[in-house]
Amino acid sequence: MRSVPLMFFFALAMVPTVFGSIFFPFFPLNTFAPFLAIVFYIAAFPRALWIALGCGLILDLLSSEFHFGVHAITLVTTTFFLYHQKRHFFEDKPIAISLLTILISSVATVIQLLYIPLFDRGISFSAVSFLTDVIVLPCVDGIYGFLWFTCPMRLYIHLKKKPLEDES
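Residues numbered from 1 in each chain as written. Predicted model: local features only at pLDDT ≥ 70, side-chain atom pairs only at ≥ 80, totals over all residues. Heavy atoms only, no water.

Chemist: In this structure, what is going on with the environment of Phe 130? I would like to understand it.
Modeler: For Phe 130, the position within the fold is in helix H6 (residues 127-161). Remark: the alpha-carbon pair of Phe 130 and His 84, spanning 46 residues in sequence, is separated by 26 Å. Apart from residues lying up to four places away in sequence, Phe 130 is in contact with Leu 113, Phe 125 and Ile 135. (Helix = DSSP H or I, 4+ residues; strand = E, 2+ residues; numbered from the N terminus. Contact = heavy atoms within 4.5 Å.)

Chemist: Is there a simple way to think about the packing of aromatic side chains in this case?
Modeler: To describe a pair of aromatic rings, one takes the distance between the centres and the angle between the planes. Scanning all chains against the criterion turns up 11 aromatic pairs. Residues Phe 8 and Tyr 156 carry aromatic rings whose centres are separated by 5.1 Å and whose planes lie at 35° to one another, so their mutual orientation is tilted. Here Phe 8, found in helix H1 (residues 6-23), pairs with Tyr 156, found in helix H6; they are 148 residues apart in sequence, far enough to count as distant. Consider the rings of Phe 40 and Tyr 83, whose centres lie 5.5 Å apart with planes at 70°: the pair is edge-to-face. Pair noted here: Phe 40 is in helix H2 (residues 33-42) and Tyr 83 is in the loop between helix H4 (70-82) and helix H5 (94-119), with a separation of 43 residues, a long-range link. A network of ring pairs unites the aromatic residues Phe 8, Phe 9, Tyr 144, Phe 149 and Tyr 156 as a single cluster. (Phe/Tyr/Trp six-rings, centres within 6.5 Å; stacked < 30°, edge-to-face > 60°.)

Chemist: For this particular structure, what's the right way to read the environment of Leu 147?
Modeler: Along the chain, Leu 147 turns up in helix H6. Its relative accessible area of 53% is what places Leu 147 among the exposed residues. Sequence-wise, Leu 147 and Ser 98 are 49 residues apart; in three dimensions their C-alpha atoms are separated by 9.2 Å. (Buried < 20%, exposed > 50% of the residue type's maximum accessible area, 1.4 Å probe, protein only.)

Chemist: Help me understand the side chain of Thr 109, please; the structure alone is not making it clear to me.
Modeler: Tracing the chain through its elements places Thr 109 in helix H5. Those residues in contact with Thr 109, other than ones at most four positions away along the chain, are Asp 133 and Val 134.

Chemist: What is the right way to read H2 from this model?
Modeler: Side chains three or four residues apart in an α-helix point the same way, a direct result of the helix having 3.6 residues per turn. Where burial is concerned, most of H2 is hidden: nine out of the 10 residues are buried. Buried residues of H2: Ala 33, Pro 34, Phe 35, Leu 36, Ala 37, Ile 38, Val 39, Phe 40 and Tyr 41, and no others. Buried residues along H2 sit in contact with H1, helix H3 (45-62), H4, H5 and H6.

Chemist: Which parts of the structure should I look at to understand the environment of Val 128?
Modeler: Following the sequence through the fold, Val 128 ends up in helix H6. Remark: the alpha-carbon pair of Val 128 and Ser 98, spanning 30 residues in sequence, is separated by 24 Å.

Spelled out as structure tokens, the structure:
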């Protein structure tokens, strides 16, 4: 994982961040959750906090759902609380990024539900919406993390290891 540049993963995260609402308008993804899971493995704690802040600011700039800064403070707080939990997920396992993505997405949703009434208008939610937002959608984010981040990462590593053969 460390052999793959962080910008590769950032580019992978930006595509659904920018175009996700166009192609999947009724299917909200936490697009930076898998990227943050990878950042937890690659970057030191202070750098991970700065990257989380940058990701949150990008989300704040691209959305008009909440007041500016809610996404940023949510991702920074999530990174602060979960960064050191990476030791429970083995880096070499393909499913580790997906499981850490589920955890990040779930915690970020709960933190955002706590921050929204503080900084923005209150939102109403029921037990069904809480279950959907905190359990079901993070599992979808985990699948998205596996398909959109882990598989291309494995392909990148495989292609990098394989020497280019001369066709002559």
